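# Commentary on secondary and tertiary structure
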Amino acid sequence: MFLLVLCIWGLIVAIDCDEIDEEEVNYEDYKIIRVRHPSDSLIDYTEALVEAEKIDVLTRGLDNSMDLMVPSESHDVIKTITSSCGEVQVLHENMEGVLDDVDSLMTCSRTKREKRSGSYNFPRFFKCYHEVEGQHKFLKELANAHPDRAETFSIGTSYQGRDLLAIRISENVGSSHNKPMIWIDGNIH
């Protein structure tokens, strides 16, 4: 009987945990500011604000410069920081708009016309985020469209076992293997 009660209680807890949704955060009016060359006292002040969950430090440079995310209810700290340090730059007035822009880049895909014709709108293609498979497909299609000038090949596998695809572009791919080349790296983080 005790075991049955324990099992039912465990099932109820598991169901309750599944129904817990993370609250969506709205970053409307969150500002991103950059503070250059802060004094030690200003660094201590920002660390106290972080501990009090009033602001977030997004990045910290080697010279102790900081990019801070400041929610609307903490905008008054920007004045305090500015008066303590003359080098403050507002990078973004509204973080929600920045995130909307990122979301649109993440969902960017080829138009129906591009898919039908097998072509790409190059300026738009390079303004969008593409997952590895999409990047590989693009390189292979580019090489297939110009077999005398481009070829793809693998230079190994990633830590996660994904193929590391490269493309060789030359006036004559067949005779380019012993020529000097330029290495251009991409798709890193």
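In what follows, the accompanying structure is described.

As a further point, take the overall build of the chain. For the chain, the helix and strand inventory stands at seven helices and six strands. Split into buried and exposed, the 189 residues of the chain put 23% on the buried side. Taking the contacts inside the chain whose residues are at least 6 apart along the sequence as the reference set, 51% of them involve residues at least 24 apart. As presented, the chain carries roughly 14,500 Å² of accessible surface, and 55% of it is formed by carbon and sulfur atoms.

On to the pairing of strand 6 (residues 163-169). Bridge analysis of strand 5 (residues 150-157) against strand 6 gives six bridges, and the strand direction is antiparallel. Directly across from T152, in strand 6, lies its bridge partner I167. Between strand 5 and strand 6, which pair antiparallel in sequence order, lie five residues; one of them, G161, sits at a positive phi of approximately 85 degrees.

Topologically, E96 is positioned in helix 4 (residues 95-106). Setting aside anything within four residues of it in sequence, one finds E96 in contact with V25, N26, Y27 and E28.

Another aspect to go through is the environment of K140. Considering the arrangement of structural elements, one finds K140 in helix 7 (residues 132-145). For K140, a relative accessible area of 41% puts it in the partly exposed group. Put simply, K140 and F153 are 13 residues apart on the chain and 9.3 Å apart in space, counted from C-alpha to C-alpha. Leave out the neighbours within four places in its chain, and K140 touches T152 and L165.

Cut-off values and rules
Residues numbered from 1 in each chain as written. Predicted model: local features only at pLDDT ≥ 70, side-chain atom pairs only at ≥ 80, totals over all residues. Heavy atoms only, no water. Helix = DSSP H or I, 4+ residues; strand = E, 2+ residues; numbered from the N terminus. Buried < 20%, exposed > 50% of the residue type's maximum accessible area, 1.4 Å probe, protein only. Contact = heavy atoms within 4.5 Å. Areas by Shrake-Rupley, 256 points an atom, 1.4 Å probe, with all protein chains shown as cover. Pairing = 2+ DSSP bridges.

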